[in-house]
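# Structural overview for review
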Amino acid sequence: MSEIVYCIPTYKREKLPTLDLLRVARIGPKRIIVSTQTEEDCAKISKIYEGCCTVIYAPGSCVGDNRNNLMEYCERNGYHKIVMLDDDIKSIDILSGKQNRPLTPQELESTLSYCFAQAERNNAPMWGMYPVNNAFFQRVRTLRRSILIGTVMGITDNTLRYDETFRVKEDYELCCRVMAQGRNCLRFDVLSANAAHKSSGGCEGEWNKTSRRIYAHLLKEKYPELIELSSKPGEVKFRQKLESI
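Residues numbered from 1 in each chain as written. Predicted model: local features only at pLDDT ≥ 70, side-chain atom pairs only at ≥ 80, totals over all residues. Heavy atoms only, no water.

## As for the overall build of the protein chain
Each helix and strand counted, the protein chain has six helices and 12 strands in total. Taken over the C-alpha trace, the protein chain has a radius of gyration of 17 Å; the compact-globule value for 245 residues is 18 Å, and the two agree within 12%. Principal-axis analysis of the C-alpha atoms gives the protein chain an extent of 45 × 40 × 35 Å. Counting only residues that meet the buried cut, the protein chain has 52% of its 245 residues in that class. When the accessible surface of the protein chain is split by element, carbon and sulfur atoms take 50% of a total near 11,700 Å². (Helix = DSSP H or I, 4+ residues; strand = E, 2+ residues; numbered from the N terminus. Rg over C-alpha atoms; globule rule 2.2 N^0.38 Å. Buried < 20%, exposed > 50% of the residue type's maximum accessible area, 1.4 Å probe, protein only. Areas by Shrake-Rupley, 256 points an atom, 1.4 Å probe, with all protein chains shown as cover.)

## So, the pattern of salt bridges
The full count for this structure, using the stated rule, is 19 salt bridges. A salt bridge links Glu75 to Arg161; the nearest nitrogen and oxygen atoms lie 2.5 Å apart. Of this pair, Glu75 sits in helix 3 (residues 63-77) while Arg161 sits in the loop between strand 9 (152-155) and helix 5 (170-180), and the two are 86 residues apart along the sequence. Under the relative-accessibility criterion, Glu75 is labelled partly exposed at 37%. We note a salt bridge from Arg141 to Asp189, for which the minimum N-O separation is 2.7 Å. You can see Arg141 sitting in the loop between strand 7 (126-130) and strand 8 (142-143) and its partner Asp189 sitting in strand 10 (residues 185-195), a full 48 residues away along the chain. (Salt bridge = Lys/Arg side-chain N within 4 Å of Asp/Glu carboxyl O.)

## As for unusual backbone geometry
A negative phi holds for most residues other than glycine; trans holds for most peptide bonds. Within the chain, Lys12 stands out as a residue other than glycine whose phi angle is a positive 55°. Note on placement: Lys12 falls in the loop between strand 1 (4-9) and helix 1 (17-24). Not every positive phi belongs to a glycine, and Lys169 is a case in point at roughly 60°. Relative to the helices and strands, Lys169 is located in the loop between strand 9 and helix 5.

## Looking at the packing of aromatic side chains
As enumerated under the stated definition, the model contains five aromatic pairs in all. Aromatic pair Trp127 and Phe188: ring centres 5.9 Å apart, planes at 85°, arrangement edge-to-face. Residue Trp127 is located in strand 7, and its partner Phe188 is located in strand 10; the two are separated by 61 residues in the primary sequence. Here Trp127 matches Phe188 in class, with each residue buried. Aromatic side chains Phe136 and Phe137 sit 5.1 Å apart centroid to centroid with 90° between the ring planes, which places their arrangement in the edge-to-face category. Residue Phe137 is classed as partly exposed on the basis of its relative accessible area, which comes to 49%. Through a chain of ring-to-ring contacts, three or more aromatic side chains come together here, namely Tyr114, Phe116, Trp127 and Phe188. The lysine or arginine in question, Arg67, covers the ring of Tyr162, its NZ or CZ lying 5.6 Å from the ring centre. (Phe/Tyr/Trp six-rings, centres within 6.5 Å; stacked < 30°, edge-to-face > 60°. Lys NZ or Arg CZ within 6 Å of the ring centre and 35° of its normal.)

## Some details on helix 3
Compared with the 21 Å implied by 1.5 Å per residue over 15 residues, the 21 Å span of helix 3 between its first and last C-alpha is a close match. Every buried residue of helix 3 is listed here: Val63, Gly64, Asp65, Asn66, Arg67, Asn68, Asn69, Leu70, Met71, Tyr73 and Cys74. Looking at the packing, one finds that the buried side of helix 3 touches strand 1, strand 2 (32-36), strand 3 (54-57), strand 4 (81-85), strand 9 and helix 5. (Expected span 1.5 Å × (residues − 1). Contact = heavy atoms within 4.5 Å.)

## Remarks on the pairing of strand 9
Here strand 9 shows no split at all, with Val152 and Gly154 on one side and Met153 and Ile155 on the other all buried. The sheet contact formed by strand 4 and strand 9 spans four bridges and is antiparallel. Opposite Ile82, over in strand 9, you have Ile155 as the bridge partner. Pairing geometry for strand 7 and strand 9, over three bridges, is antiparallel. The partner of Met126 across the bridge, within strand 9, is Ile155. (Pairing = 2+ DSSP bridges.)

## Points about the nonpolar core
Nonpolar side chains in soluble globular proteins generally cluster together in the buried interior. By size, the foremost hydrophobic cluster in this structure holds 37 residues, and its most contacted members are Leu19, Val83, Leu85, Trp127 and Val152. Top contributing element to this core by residue count: strand 10, with six residues. Setting aside anything within four residues of it in sequence, one finds Val152 in contact with Val83, Met84, Leu85, Ile89, Ile92, Trp127, Gly128, Met129 and Ala193. Counting residues in each nonpolar core, the second largest holds 36 residues, with Tyr162, Leu174, Tyr223 and Val236 among its members. (Core = buried A, V, L, I, M, F, W, Y, C linked by side-chain atoms within 4.5 Å.)

Next comes the structure, spelled out in structure tokens:
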């Protein structure tokens, strides 16, 4: 199917700002898929957002499980334009001059459609946005190969799966795996997500110094040609030259 679907993995949250954002943009319930990992979450989200989205459930123990539940759903239903979103996004912003401004509801789908079109032209089964919502550091450019963060991630290959052994940095691992295969991961630096990141729930319970260090070293060991350790503990850097399309 050529239409865009919006996939939201969630865990132990009742309010989903991302879903509210999509509702304002008049995205229909069949194109918003929310994945839950407990029966309690499934019942709560289904009740609170009745008629606003499609809620699915599969048991899991990490965000990689949850994202894979969504990928399997998309593959079964023939979706090839998948936008994977964190559940706490307030807005998707675009750089305008020296400041960011939220995309209007009318601009949202046309902008994401442009991202998918560019990905198709550049052998990129995945695309993403600038990792932080900070206009000072952002540029009007698109990188051909880059590590992407999972806050907002476009995917065109519905057979891709996250490595569930990575309790955190599963988004980094998938990007590295794709690039190790000779394909690209586009990053649109003019776009960023205004997301909470620090709220409870989701994968935040796993996001601590110890786990970040463990998985940073695992990434370096698995993809030494792509990854090097950052001077900041628990973080990694992309070691290849950045190239704009």
